[in-house]
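Residues per chain are reported as follows:
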Amino acid sequence: MASYKKKSVLLINPWIYDFAAYDLWIKPLGLLYLASLFRKNGYHVHFIDCLNVCHPQLKSDAGVKLVKRSIKGHGNFPKQRIPKPHSLREIKRNYNRYGITPDIFVNELKSLVTPDLILVTSVMTYWYPGVFEVIRITKQTFPDIPIVLGGIYATLCPEHALQSGADITVAGAGEKHIPLLLHDFLGDDPVYVPDPDDLDSMPYPALDLLPLKDQFPILTSRGCPYNCTYCASQLLTDRFKQRDPAKVVDEIDFWHKHFGISQFSIYDDALLVNPEEMVIPMLTEIIRRKLTCQFHCPNGLHIFQITQKLSKLMHMAGFATIRFGFESSNPMTQLSSGGKVNNDQLQAAVRHLTDAGYKSEDIGIYLLCGLPGQEAAEVRDSIRYVQSHGARPIIAEYSPIPGTALWESAEKGSCFDLRGEPLFHNNSLLPCRSEKLTPEMYEDLKMMARGH
Ligand code: SF4
């Protein structure tokens, strides 16, 4: 009888290299959807999570700062201080590698049977040094195995990503590349390809591969129907799509029953859009099934969709962390950036949410800080506005994103070479700082937003 060896694919979630990083329910959901699709096509999959906060070897590794985690599934990453890249040498802050150590990563690689294909994901454009390092080390262990780089950085900075050392970079949603990857790199024809118009044709993501199963991410939609000038949503997805709400609840029920998960994060760009067809039936079904779960929405929800009915359902269904994208109380900024919200809508939403049982500190309102040409006074006024209407302002530092409508102004208004060096997209640098919004003013604004 001829022996048959199943081919295998290795998926890697790389390190974060940055001045600061916090695990606010971050999981590599896109990569784990791909893992699931490879399984469905008959492959073994292996997963190395460089952001694994619970790797057993971390305890014995000198120089690693161990971390505390919240029972809600967020917390610090372990970190090791590393030298700053040359272009950041003037910045007077420590630079770190977040996640496991390189030794642990190499051991993980060496413990594997040689895979047939390696996929590496990427997130923020300015985290690319961690991606490059992962690819460099992986190439040393598996020099003959093709490496495919995808994810957000690879989509937004395709030319820069050519320097990554990967054999090929792919843009946008990973699943659309499955036929090419199978054909060109594995010599196979796909057995299963999801319908690009139907998000529910995707198998559940392979969340069982996560080393720490403290919370699971749930996706209800892709993309956003709006097109704000500072946002990458339209660049990352072909068009706005939503799942069947009953199937979303089936999935939550599945992870709850089979893996005991009660904390879920939702990173959708537009969870509340088309509420009567999507989120209202979803919440009603969660309540009907008596799913005792908590949901965390750290990405900005749409304020203007908040009604009395929706607020009550969110509260009853266990939506514990709610954050909204407001960005500014200045009507000119609201209009010129896309017109997704106005001040009256914020006031009405806070009233409905408070009536439903949310406290002021529960209602997080994002305010953008450091937009090209923005003055500190605008951010200060916005903080005061949000506080005076009974919600909690949260400063979100602006990060310039190539390809967005605001990119050109950002490039013109920045003292950094944004085009030549993605490290300068880092929001913690305040890339579009000016004498009207200096890093010192920004520190004062952060204190003010915290109520000091
Ligand atoms: S509404 Fe939010 S997700 Fe949609 S384009 Fe604007 S900022 Fe992006």
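Preceding this paragraph is the structure being described.
Thresholds, definitions, all that
- Per chain, residue numbering runs from 1 following the sequence as it is written.
- Under the rules for a predicted model, residues below a pLDDT of 70 receive no local features and side-chain atom pairs below 80 are neither given nor counted, while totals for whole chains, interfaces and linings still include all residues.
- With hydrogens and water stripped out, all remaining heavy atoms of the structure feed into the side-chain values.
- Helix and strand labels come from DSSP, where a helix needs a run of H or I of at least four residues and a strand needs a run of E of at least two; each type is numbered from the N terminus.
- Partly exposed describes any residue whose relative accessible area lies between the buried limit of under 20% and the exposed limit of over 50%, with all areas from a 1.4 Å probe on protein chains only and scaled to the type maximum.
- None of His or the chain ends enter the tally, which takes Lys and Arg as positive and Asp and Glu as negative.
- Only one rule defines a salt bridge in this text: a Lys or Arg side-chain nitrogen within 4 Å of an Asp or Glu carboxyl oxygen.
- For this analysis, a polar contact is any N or O atom pair within 3.5 Å, provided that within protein one partner can donate a hydrogen and the other can accept it, and provided that sequence-adjacent residues contribute only side-chain to side-chain pairs.
- Any two residues whose heavy atoms approach within 4.5 Å are treated as being in contact.
- Only heavy atoms are used to decide nearness, and a residue is near a molecule or strand if one of them lies within 4 Å of it.
- Under the convention adopted here, Pro, Cys and the residues Ala, Val, Leu, Ile, Met, Phe, Trp and Tyr are nonpolar, Asp, Glu, Lys and Arg are charged, and Gly plus all remaining residues are polar.
- Here, strands pair whenever DSSP counts at least two bridges between them.
- A fitted line through C-alpha atoms serves as each axis, taken over the contacting stretch for helices, and the angle formed by two N-to-C directions is quoted from 0 to 180°.
- In these notes, a set of buried Ala, Val, Leu, Ile, Met, Phe, Trp, Tyr and Cys residues joined through side-chain atoms within 4.5 Å is what counts as a nonpolar core.
- Those domain boundaries reflect an automatic or database domain assignment.
- Regarding the arc, it is the one traced by the directions from the helix axis to the C-beta atoms.

Engineer: Tell me what's going on with the side chain of aspartate 18, and back it up with residues and numbers.
Structural biologist: Mapped onto the fold, aspartate 18 is located in strand E2 (residues 16-18). It turns out aspartate 18 is buried and unbridged, and the closest side chain with the opposite charge, arginine 93, is 6.7 Å from it. A distance of 2.8 Å separates polar atoms of two side chains, one belonging to aspartate 18 and the other to asparagine 426. Every residue in contact with aspartate 18, bar those within four places of it in the chain, is listed here: Asn94, Tyr95, Asn96, Tyr98, Tyr126, Trp127, Asn426 and Ser428.

Engineer: Describe the site of the ligand, naming the residues involved and giving the relevant values.
Structural biologist: Taken together, the residues surrounding the ligand are Cys224, Tyr226, Asn227, Cys228, Tyr230, Cys231, Asp269, His302 and Lys340. Each residue belonging to the shell around the ligand can be placed in one class, and the counts come to five nonpolar, two polar and two charged.

Engineer: I'd like a rundown of the sheet that holds strand E7 (residues 95-98), residues and numbers included.
Structural biologist: Strand order across the open sheet formed by three strands is E2-E7-E6, with antiparallel pairing between neighbours. The open sheet has two edge strands, E2 and strand E6 (79-82), and neither has a second partner. Along the sheet, successive strands turn relative to each other by an average axial angle of 25°, direction set aside. Bridge count between E6 and E7: four bridges; the pairing is antiparallel.

Engineer: Would you mind going over the nonpolar core in detail, with residue names and values included?
Structural biologist: Core analysis: the biggest nonpolar cluster contains 81 residues, and Phe38 and Phe319 have the highest contact counts within it. The element that contributes the greatest number of residues to this core is helix H1 (residues 29-40), accounting for eight residues. Each of two domains, domain 1 (8-186) and domain 2 (215-449), supplies a minimum of three residues to this core. If near-sequence neighbours (up to four positions away) are discounted, phenylalanine 319 is found in contact with Ile266, Leu271, Met282, Leu283, Phe295, Cys297, Met314 and Tyr358. Residues Trp15, Phe105, Ile118 and Cys157 belong to the second largest nonpolar core, which totals 53 residues.

Engineer: So what's going on with the side chain of threonine 121? Residues and values would help.
Structural biologist: In this structure, threonine 121 sits in the loop between strand E8 (117-120) and helix H3 (128-141). For threonine 121, a relative accessible area of 13% gives the class buried. Leave out the neighbours within four places in its chain, and threonine 121 touches Ile12, Asn13, Pro14, Leu31, Val131, Leu149, Gly150 and Gly151.

Engineer: Give me the lowdown on helix H2 (residues 102-110), citing residues and values where you can.
Structural biologist: Where H2 is concerned, the buried positions are Ile104, Phe105 and Leu109. Across the axial projection of H2, the buried residues extend over an arc of 140°, all falling on one side. Across from the buried face of H2, at angles greater than 90 degrees, the exposed residues are Asp103 and Lys110. Contact partners of the buried residues in H2: strand E1 (8-13), strand E4 (44-49) and H3.

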